[in-house]
Amino acid sequence: MSASIALVDDDRNILSSLSIALIAEGFVTRLYSDGAAALPALIDNPPDLVVCDIKMPNLDGVELLRRLREKSSLPFIFLTSKTDELDEALGFAMGADDYIAKPFSQRLLIARIRALLRRAALAETPEAASDELPETIARGRLSMDPARHRVLWDGRDVALTVTEFMILEALAQRPGIVKTRNQLMDAAYQDDIYVDDRTIDSHIKRLRRKFRDVAPDFNAIDTLYGAGYRFNEE
């Protein structure tokens, strides 16, 4: 079955051109010209992935993502302009998986869509590659089950996006070992996709916030300034 991509942008030219390009690549598209119209549809009938502009009338992309994350962890890519750095950082803090800066290459966007869909599919259908998946990771109070995309802290569920899961998995696989931002980028963003340091930092902040919602004393992810991050097994 073809993957369903929801496109949310108030620029109808972008909606049209992206839809044509994605359909040509075998995807099914759903188009929305503002966040207010998109939100109920994305919750009631979730697509496989969302590509969303940040600056929109009625309901902007950041607020759309915030409300969507209350109900769903479906893959989410932001479209941003070079002047949207503050909103972009806020978007990552709210749980976006990736972003593409305008003007952008449709070929690059399609490559990132495919990479994110592959990661999401692996998390959702582990039986298809069960022989290749690692066993459950147990590190102190943390338990990670890659086959089921499930994370527990002190036995309590912590809901993570695909990107957040992969960053945490990279850290937890070797507790006490410092992972540079580049190493975490490689773990979370495959297919030679480049993201900058700000992206990883935002995902780490979001990870910490989610764990502290479950356990306010959570401090298992250390920052080593100038070096990177490490998982501190308690």
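Here we summarise the structure given alongside this text. All values reported here derive from a predicted model rather than from experimental measurement.

1. What to know about the pairing of strand β2 (residues 28-32)
Where strand β1 (residues 4-8) lies against β2, 5 bridges are found, and the strand directions are parallel. Looking across to β2, one finds that Ser4 is bridged to Val28. Following the backbone out of β1, through helix α1 (residues 12-24) and into the adjacent parallel β2, one traces a crossover that is right-handed.

2. As for the packing of aromatic side chains
Summed over all chains, the structure comprises 4 aromatic pairs. The interplanar angle of 75° and the centroid separation of 5.1 Å between the aromatic rings of Phe76 and Phe78 together place this pair among those described as edge-to-face. Residue class for Phe78 comes out buried when judged on its relative accessible area of 2%. Measuring from ring centre to ring centre gives 5.7 Å for Trp153 and Phe211, while their planes differ by 80°; the resulting arrangement is edge-to-face. Separated by 58 residues along the polypeptide, Trp153 in strand β8 (residues 150-153) and Phe211 in helix α8 (residues 197-214) bring together distant segments of the chain. Like Phe211, Trp153 is buried. Grouping aromatic residues by their ring pairs yields a cluster made of Trp153, Phe211 and Phe218.

3. Focus on unusual backbone geometry
Excluding glycine, most residues fall at negative phi; most peptide bonds, likewise, are trans. Its identity as a non-glycine residue notwithstanding, Asn58 has a phi of 70°, on the positive side. Relative to the helices and strands, Asn58 resides in the loop between β3 (49-53) and α3 (61-69). For Asn58, a relative accessible area of 68% gives the class exposed.

Criteria and thresholds
Residues numbered from 1 in each chain as written. Predicted model: local features only at pLDDT ≥ 70, side-chain atom pairs only at ≥ 80, totals over all residues. Heavy atoms only, no water. Pairing = 2+ DSSP bridges. Helix = DSSP H or I, 4+ residues; strand = E, 2+ residues; numbered from the N terminus. Right-handed = clockwise from strand over helix to strand, strands pointing away. Phe/Tyr/Trp six-rings, centres within 6.5 Å; stacked < 30°, edge-to-face > 60°. Buried < 20%, exposed > 50% of the residue type's maximum accessible area, 1.4 Å probe, protein only.

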